[in-house]
Structure formats: structure tokens, C-alpha cells
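This is what each chain is made of:
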Amino acid sequence: MANGHGESDLKRSFKLGLHGLLTTCSKEEFCKAFPGFTNAEKERLHHLYIQVIVSLHQNIEDEFEALCEETKVDDILGSIEELVEEQTLDPLYLDKTNLNTVAQALSTLKKNEIRNLTTMLEKSEAHNNLLRSRVELLQKEIHNSSDASNAVDKVS
């Protein structure tokens, strides 16, 4: 369930929190911090400051997006949304569900993730072994070529 309601709420909340943390101060406040500078220098500094803040906002948002993708936040939030929806639709849901069920569902998700990572690791190891074999074969060919070259040199 990509881009679910929970994920968009999470991202919107993150951006609001980030905005609150990195909100620029007023130009007047900024200029007061540099009393020994000329107005032109203050203007350039303030412009640079705004560029840094905008860049910082974007970099942090990009990192957050990448982290969300890497950790599959949308899948996890989708699972949580499904559980919440089931609870809302079934008045007896609270009677049927307990922490063990939720823990088991999360455990299953993590086991599947571990299985996927293990498969990826096995494929990488097989690929590495194949590359190692190719390197060894090339080294033997080079050695054999060198031996043949030496033999030809001795005969000559």
C-alpha cells in the first residue's frame, strides 16, 4: 500500500516539524546579529543564510524520504492502517485481538524482510564466488601463458 494516508500524514508532520525548527528569523533580527557589518554585507549574508536554510530543508526532506523508502515505512503504515480498519469495521475486534496478535503480525513482517535480505545475500555470495572463479581462471591462464612464453624463450 504505497503512499497511504498514514505515510502522507507522517511526511506532512515531519515537514511541519522541520519547518518549525528551521524557520528563518526576520531580516531585522538577523542584521542585529552583525552590528559591525555594512548594510551591503548584511544583505549578502542574509541572502546566503536563506540559501543555506532552503538547501538544508531540501536535504533533510530528501534524507527523510530515502529513509522512509529504505525502511519501507509505507508498507508498515499500510499494515497498521489495515489493522485499524479491521478494528473499526468489526465491533468485536477488540475482543479478538491482543498484543500477541499484533506482535505476531510484526514478527511475520520482519521474518519476511529477513528472508528477502538472506536471499539477496546468497545471490551476492554466489555472484562473488563466480567472480572469484573467473579471476582464478584468468590467473591460471596468465601463469600458463607465462610458462609457455618462458619455454619458447628457452628453445630460442
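Residues numbered from 1 in each chain as written. Predicted model: local features only at pLDDT ≥ 70, side-chain atom pairs only at ≥ 80, totals over all residues. Heavy atoms only, no water.

Engineer: Can you help me understand the overall build of the protein chain in this one?
Structural biologist: Helix and strand content of the protein chain: six helices and zero strands. Reading the protein chain from its N terminus to its C terminus gives the helix and strand order α-α-α-α-α-α. Classification of the 156 residues of the protein chain by burial places 13% in the buried group. If you sum the accessible surface of the protein chain, you get close to 12,500 Å²; carbon and sulfur atoms cover 60% of it. (Helix = DSSP H or I, 4+ residues; strand = E, 2+ residues; numbered from the N terminus. Buried < 20%, exposed > 50% of the residue type's maximum accessible area, 1.4 Å probe, protein only. Areas by Shrake-Rupley, 256 points an atom, 1.4 Å probe, with all protein chains shown as cover.)

Engineer: How do you make sense of the packing of aromatic side chains when you look at a structure like this?
Structural biologist: To describe a pair of aromatic rings, one takes the distance between the centres and the angle between the planes. Tallied over the entire structure, the rule returns four aromatic pairs. Geometrically, the ring pair formed by F14 and F64 is stacked, given 3.8 Å between the ring centres and 5 degrees between the ring planes. Of this pair, F14 sits in helix α1 (residues 5–22) while F64 sits in helix α3 (residues 39–70); the two residues are 50 residues apart in sequence, bridging distant segments of the chain. Here F30 and F34 contribute two aromatic rings whose centre-to-centre distance is 5.0 Å and whose plane-to-plane angle is 50 degrees, an arrangement assigned as tilted. In this structure an aromatic cluster arises from ring pairing among F30, F34, F37 and Y49. (Phe/Tyr/Trp six-rings, centres within 6.5 Å; stacked < 30°, edge-to-face > 60°.)

Engineer: Would you take a moment to explain the pattern of salt bridges for this structure?
Structural biologist: Pairing between side chains of opposite charge can happen when their charged atoms approach one another. Under the defined criterion, the tally for this structure stands at three salt bridges. One salt bridge connects K27 with E43, and the closest N-O pair in it is separated by 2.5 Å. Taken as a pair, K27 in helix α2 (residues 27–32) and E43 in helix α3 lie far apart in primary sequence, 16 residues in all. We classify K27 as partly exposed; its relative accessible area is 32%. Given a relative accessible area of 40%, E43 falls into the partly exposed group. (Salt bridge = Lys/Arg side-chain N within 4 Å of Asp/Glu carboxyl O.)

Engineer: Sorry, what's going on with α3 here?
Structural biologist: Think of an α-helix as turning once every 3.6 residues; residues three or four places apart then point the same way. In this model α3 runs 46 Å from its N-terminal to its C-terminal C-alpha over 32 residues, within 8% of the 46 Å that 1.5 Å per residue would give. For α3, every residue scored as buried is listed here: K42, H46, I53, H57, E61, F64 and C68. Within two residues after α3, K72 carries a phi angle of roughly 55 degrees, on the positive side. (Expected span 1.5 Å × (residues − 1).)

Engineer: Before we go on, may I ask you to explain a nonpolar patch on the surface in this structure?
Structural biologist: Taken together, the side chains of I76, I80 and V84 make up a nonpolar region of the molecular surface, amounting to roughly 220 Å² of accessible area. Looking at the secondary structure, you find V84 in helix α4 (residues 73–89). (Patch = residues over 30% accessible without salt bridge, like charges linked within 9 Å, V, L, I, M, F, W, Y side chains within 5 Å.)

Engineer: Please explain unusual backbone geometry as it appears in this structure.
Structural biologist: A negative phi angle is the norm for most residues apart from glycine, just as the trans form is the norm for most peptide bonds. With phi around 55 degrees, K72 is a residue other than glycine that occupies positive phi space. The residue K72 is located in the loop between α3 and α4 in this model.

Engineer: Quick question: what am I supposed to make of the environment of S26 here?
Structural biologist: Within the element layout of this structure, S26 appears in the loop between α1 and α2. Between the alpha carbons of S26 and H46 there is a distance of 9.6 Å; along the sequence they are 20 residues apart. A polar contact of 3.1 Å, which involves the side chain of S26, links it to the backbone nitrogen of E29. (Polar contact = N/O pair within 3.5 Å; in protein donor to acceptor, adjacent residues only side chain to side chain.)

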